[in-house]
Amino acid sequence: MSAVIYTIIKEFFVNIHGHAVKARIMSPLNAVDTFTFQVNLHFKNKVASDPNVPASTFNSYANAERHLLGYLEAFQNTLDLGGDIAEGTSF
């Protein structure tokens, strides 16, 4: 399996209930029409033990950014309703 090198296109830093959440939108060097994002923390609903980890790739930067911002909004809403935090990608 070969290594995949990503270009980091944009980074976001937000503070949600005192937790520093870092996120980035990336694109592989060998597939310029593919975008993905990763976050350093994931949220868990009150009833779920597994964290809500996004695992999607997008064919446009706009779609990746829209889904990332939607994920961060869902993160905020989940913590507002008593959800919990799980560790995510370390970067």
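The rules behind these values
Residues numbered from 1 in each chain as written. Predicted model: local features only at pLDDT ≥ 70, side-chain atom pairs only at ≥ 80, totals over all residues. Heavy atoms only, no water. Helix = DSSP H or I, 4+ residues; strand = E, 2+ residues; numbered from the N terminus. Buried < 20%, exposed > 50% of the residue type's maximum accessible area, 1.4 Å probe, protein only. Contact = heavy atoms within 4.5 Å. Areas by Shrake-Rupley, 256 points an atom, 1.4 Å probe, with all protein chains shown as cover. Lys, Arg positive; Asp, Glu negative; His and termini not counted. Charge placed at Lys NZ, Arg CZ, Asp CG, Glu CD. Pairing = 2+ DSSP bridges. Axes fitted to C-alpha atoms, helices over the stretch in contact; angles between N-to-C directions. Salt bridge = Lys/Arg side-chain N within 4 Å of Asp/Glu carboxyl O. Core = buried A, V, L, I, M, F, W, Y, C linked by side-chain atoms within 4.5 Å.

Q: Let's hear about the overall build of the protein: which residues, and what values?
A: Regarding its fold elements, the protein presents 1 helix and 6 strands. Counting from the amino terminus, the protein carries its helices and strands in the arrangement β-β-β-β-β-α-β. Taken along the three principal axes of its C-alpha coordinates, the protein extends 40 × 30 × 20 Å. Counting over 91 residues, the protein shows a buried share of 33%. For the protein, the proportion of contacts with a sequence separation of at least 24, taken over those separated by at least 6, is 53%. Within the structure as shown, the protein displays about 5,700 Å² of accessible surface, and the carbon and sulfur contribution to it stands at 52%. Here the protein holds 6 positive side-chain charges and 8 negative ones, and the gap between their average locations is 2 Å.

Q: Could you give an account of the sheet that holds strand β2 (residues 19-28), with specific residues and numbers?
A: Spatially, β1-β2-β3-β5 is the arrangement adopted by the 4 strands of the open sheet, whose pairing is antiparallel. The outermost strands of the open sheet, each flanked by one partner alone, are β1 (6-16) and β5 (57-58). In this structure, strand β3 (residues 35-39) lies alongside β5, joined through 2 bridges in antiparallel fashion. Counted as the bridge partner of F35 is F58 from β5. Helix-sheet contacts for helix α1 (residues 61-80) involve β1, β2, β3 and β5, and the interaxial angle to β1 is about 25°.

Q: So, unusual backbone geometry: which residues are in play, and what are the values?
A: Backbone phi values are negative for most residues with the exception of glycine, while trans is the configuration of most peptide bonds. In this structure, H17 takes a positive phi of about 50° despite not being glycine. Mapped onto the elements of the fold, H17 is located in the loop between β1 and β2.

Q: Quick one: what's the story with the pattern of salt bridges, residue by residue and with numbers?
A: All chains considered together, the criterion is met by 2 salt bridges. For E65, the salt bridge identified is with K10, shortest N-O distance 3.2 Å. On the criterion of sequence distance, the pair formed by E65 in helix α1 and K10 in strand β1 is long-range, its members being 55 residues apart. Here R24 makes a salt bridge to E11, at a shortest N to O gap of 3.1 Å. Here E11 lies in strand β1 and R24 lies in strand β2, a separation of 13 residues in the sequence. By relative accessible area, E11 is classed as partly exposed at 38%.

Q: Go over the nonpolar core with me, naming the residues and quoting the values.
A: The tendency in soluble globular proteins is for nonpolar side chains to be buried as a group. Residues V21, I25, F37, L68, Y71 and F75 are the most contacted members of the largest nonpolar core, which totals 18 residues. Elements with a contribution of two residues or more to this core: β1, β2, β3, β4 (41-44) and α1.

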